[in-house]
Amino acid sequence: MSVEDIKMGMIKGYFKHVRKPEGIWGKLMMEAMNRAHASVSDWGMGHLWGISPDRIAELGCGGGRNTVQLLKKFPKAKVTALDYSQTAVEKTKHIGRQAIQAGRLQVIWGNVSHLPFQAEVFDLITAFETVYFWPGPVESFREVWRVLKPGGMFLIVNEADGTGKEDRKWMSMIDGLQIYHKDQLKDFLQKAGFKEIMVACDQRRHWLCMMAKKETAQ
């Protein structure tokens, strides 16, 4: 095994915690991601205007930073944060402990391909920097559609839009990472049942925001 193979193995070993943070390295990765992704997350969240959700689900809550921001942005809402990393669940419970005590936050372990919720529960569902790893992803988006109330909104925020020069490098370094461009995500959302889809892009920074609304029942 060459020195380069060893280096690449170490790099992949560290970056696997982007997908599913575990142990001490996962905790360190979540701290780094909370800081590194704050700007794109706030940019994406800024597109959520004119709505007053009562029930919010954050799927792929990671280090909990965006969970706290959602609680602040919508002070009357209750938030359910979900992740399939137990390390992420514990981190979000810690950072959101006051909201848990106040009865505004629930943090649970779960998988986006089989969401542990009844149908038509949430007014808003968010996914910050996470759909890169979702199974399907059409099948996972169908689960989102299922648990959204009619008229509810699904927000996707990605720091990479599939057109950046560095995208292939990141996909080679992080196992399971798939970076989609807006047309791909729009197609997935449509196949999942969404018909009203809005797109916002920051072309200079390659940021992408998708907002898909579930049709109101006739």
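Heads up: the structure comes first, above all this text.
These remarks concern the structure in this document.

1. A word on the packing of helix H7 (residues 138-147) against helix H9 (residues 182-192)
Helix packing geometry: the angle between the two helix axes and the distance between the axes.
Turning to step 1, where the next piece is worked out: Two elements in contact, H7 and H9, have axes separated by 8 Å at closest approach and are oriented at 55 degrees. Viewed along their axes, H7 and H9 adopt a mutual orientation that is oblique. The element H7 and its partner H9 pack so that their crossing is right-handed. Together, Val138, Phe141, Arg142 and Trp145 of H7 and Leu185, Phe188, Leu189, Lys191 and Ala192 of H9 make up the contact between the two elements.

2. Structural notes on the sheet that holds strand S1 (residues 55-59)
Turning to step 1, where the next piece is worked out: Taking strand neighbours across the sheet as the criterion, the seven strands line up as S3-S2-S1-S4-S5-S7-S6 in an open arrangement whose pairing is mixed. The open sheet is flanked by strand S3 (105-109) and strand S6 (196-202), the only strands paired with a single partner. Adjacent strand axes in the sheet meet at a mean angle of 15 degrees when their direction is disregarded.
Turning to step 2, where the next piece is worked out: Along the sheet face, helix H4 (residues 65-73) touches S1, strand S2 (78-83), S3 and strand S4 (122-128) and points at about 165 degrees away from the line of S1.

3. A look at the packing of aromatic side chains
Turning to step 1, where the next piece is worked out: Throughout the structure, instances matching the rule amount to eight aromatic pairs.
Turning to step 2, where the next piece is worked out: Here Trp43 and Trp207 contribute two aromatic rings whose centre-to-centre distance is 5.6 Å and whose plane-to-plane angle is 55 degrees, an arrangement assigned as tilted. Separated by 164 residues along the polypeptide, Trp43 in helix H3 (residues 38-45) and Trp207 in strand S7 (residues 207-213) bring together distant segments of the chain.
Turning to step 3, where the next piece is worked out: Following the ring pairs from residue to residue traces out a cluster consisting of Trp134, Phe141, Phe154 and Phe194.
Turning to step 4, where the next piece is worked out: The positively charged end of Arg205 is found above the aromatic ring belonging to Trp207, 3.7 Å away from the centroid.
Turning to step 5, where the next piece is worked out: When the ring centre of Trp145 is taken as reference, the NZ or CZ atom of Lys214 above it lies at 4.0 Å.

Rules used throughout
- Residues numbered from 1 in each chain as written.
- Predicted model: local features only at pLDDT ≥ 70, side-chain atom pairs only at ≥ 80, totals over all residues.
- Heavy atoms only, no water.
- Axes fitted to C-alpha atoms, helices over the stretch in contact; angles between N-to-C directions.
- Helix = DSSP H or I, 4+ residues; strand = E, 2+ residues; numbered from the N terminus.
- Parallel < 35°, antiparallel > 145°, perpendicular 65-115°, else oblique.
- Left-handed = near helix turned anticlockwise from the far one by under 90°.
- Contact = heavy atoms within 4.5 Å.
- Pairing = 2+ DSSP bridges.
- Phe/Tyr/Trp six-rings, centres within 6.5 Å; stacked < 30°, edge-to-face > 60°.
- Lys NZ or Arg CZ within 6 Å of the ring centre and 35° of its normal.

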